Amino acid sequence: MPATIICIGMAGSGKTTFVQRLNSHLHQKKLPPYIINLDPAVLKVPFGCNIDIRDSINYKKVMENYNLGPNGAIVTSLNLFSTKIDQVLNIIKKRDFTNCIVDTPGQIECFVWSASGSIITEAFATEFPTVIAYIIDTPRSSNPSTFMSNMLYACSILYKTKLPMIVVFNKTDIRDAKFAKDWMTDFESFQDSLKNNTELNDETSNGSGYMASLINSMSLMLEEFYSTLDVVSCSAFTGEGFDDFLNAVDNKVDEYNEFYQKERDRIILEKKEKEKKEKDKQLTHLMKDLGIKDKNNLQNKDDIDVLSDIEDEIERDEKAGYEHGLIDLESSEREYTFQEDRNGEIKDDSNASDVAKNIQDRYQQAFESTAKVASSSVAEDIAKYIKGE
Ligand SMILES: Nc1nc2c(ncn2[C@@H]2O[C@H](COP(=O)(O)OP(=O)(O)OP(=O)(O)O)[C@@H](O)[C@H]2O)c(=O)[nH]1
């Protein structure tokens, strides 16, 4: 099964450049990937896309037609695209490739926190082993508070998507990512950096040390989160670290097949059971309204009298009435007191007006006892109909 890599990251973290480099790296290995661009606002894509959102959606027209700002137009474009995701997946399934790479908009929240983002991610994850590559701008994350913000974002994406994640420290040609890896593995080294950070501990700053202690406690909380991640450092500029990234993808695909797939199946099953329970609950309410005590006491669904059953019964009775004469409802079983004579005429052996009265009364009774839902006026109408009024 081809793996899908969804590239997510803050604006300017280097997602597009990363996808471009990954594309050429895979081409070098004679493993051409399938590339999808989901950023409708990008002016130029520096790689050949197999599917480009811009081919089907005009971002500027969306802004004009729906009177939206830049972010609203990105979300709306993604919404429009997500309506066709089934078709996109059908196309992809027919192609032969080892990796499908998805580039997402720089406005991270437009993709991660939108309904369409969830639909698109879910659709891929249902069809293929899917991995999130969270791209981080390493030089900009050298500040402990920026680093912590990035990590909190990554953590929220992990819990939102419930997919395996690789944290990619990009732009290592400018700054080595060793410091970040140390911070993620050694809590004390992060604490030391916090203490030495003058910006966070300066008494004249409005934080007055509060920020430092907050970040400190958050880093403790994130320790568990770090242990679930694969961390890779690379430079989309020089191409360094891309073999490590591909190894990490293989590792995460195995993890996906072993754990995430099962977890996803479990969640889907749980959802179905919940829906079934909800349906049962609604059915119980409905039966209560119909005056049926307990659905479990019913042998089969034919035991439930619904309006259509009663109508069928009335139809049968009417037919019987025309064929054999008027219906006598005296006993619980139906007996016919009218008989055809030799000439085919119907002979009445009872008083006609009494019979007519009885019919109306008894029809009313029988009708009410079998169906509380049927209104009495229906019974009256039927009786009138039989009497030929
Ligand atoms: N030095 C260096 N610069 C990089 C690297 N990767 C990306 N850049 C630069 O970072 C800037 C942003 O890169 P993009 O690839 O456009 O980033 P992006 O995340 O796709 O941007 P948006 O989609 O607009 O959010 C560009 O000027 C790139 O040249 C890298 O590995 N090293």
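Residues numbered from 1 in each chain as written. Predicted model: local features only at pLDDT ≥ 70, side-chain atom pairs only at ≥ 80, totals over all residues. Heavy atoms only, no water.

Focus: the sheet that holds strand β5 (residues 130-137)
Then, number 1: Strand order in the open sheet formed by seven strands is β3-β2-β4-β1-β5-β6-β7, with parallel pairing between adjacent strands. The sheet is open, and its two edges are formed by β3 (51-52) and β7 (230-233), each paired on a single side.
Then, number 2: As paired elements, strand β2 (residues 34-37) and strand β4 (residues 99-103) share four bridges and run parallel to each other. Along β4, the bridge assignment pairs Asn-37 with Asp-103. (Pairing = 2+ DSSP bridges. Helix = DSSP H or I, 4+ residues; strand = E, 2+ residues; numbered from the N terminus.)

Concerning a negative patch on the surface
Then, number 1: Judged by side-chain charge, Asp-173, Asp-176, Glu-240 and Asp-244 come together as a negatively charged surface patch.
Then, number 2: Within the secondary structure layout, Asp-173 lies in the loop between β6 (165-170) and α9 (178-185). (Patch = residues over 30% accessible without salt bridge, like charges linked within 9 Å, V, L, I, M, F, W, Y side chains within 5 Å. Areas by Shrake-Rupley, 256 points an atom, 1.4 Å probe, with all protein chains shown as cover. Salt bridge = Lys/Arg side-chain N within 4 Å of Asp/Glu carboxyl O. Lys, Arg positive; Asp, Glu negative; His and termini not counted. Charge placed at Lys NZ, Arg CZ, Asp CG, Glu CD.)

A closer look at the UniProt feature "coiled-coil region" (unreviewed entry) in the chain
Then, number 1: As recorded in UniProt, the feature "coiled-coil region" (unreviewed entry) lies at residues 257-289.
Then, number 2: Within the segment residues 257-289, helix and strand shares are 100% and 0% respectively, and the terminal C-alpha atoms sit 47 Å apart. (UniProt positions renumbered as here; feature names shortened; annotations may be inferred.)

Digging into the site of the ligand
Then, number 1: Contacts to the ligand come from 17 residues, most closely from Lys-15, Thr-16, Thr-17, Asp-173 and Ala-236.
Then, number 2: Contact distances for the ligand include 3.3 Å between an oxygen atom and a backbone N or O atom of Ser-13.
Then, number 3: Between an oxygen atom of the ligand and a side-chain N or O atom of Asn-170, the distance comes to 3.3 Å.
Then, number 4: Against a free-state accessible area of 640 Å², the protein chains account for coverage of 69% of the ligand.
Then, number 5: Tallying contributions element by element places helix α1 (residues 15-28) first for the shell around the ligand, with three residues.
Then, number 6: By residue class, the composition of the shell around the ligand is five nonpolar, eight polar and four charged. (Near = heavy atom within 4 Å. Polar contact = N/O pair within 3.5 Å; in protein donor to acceptor, adjacent residues only side chain to side chain. Nonpolar A, V, L, I, M, F, W, Y, C, P; charged D, E, K, R; others polar.)

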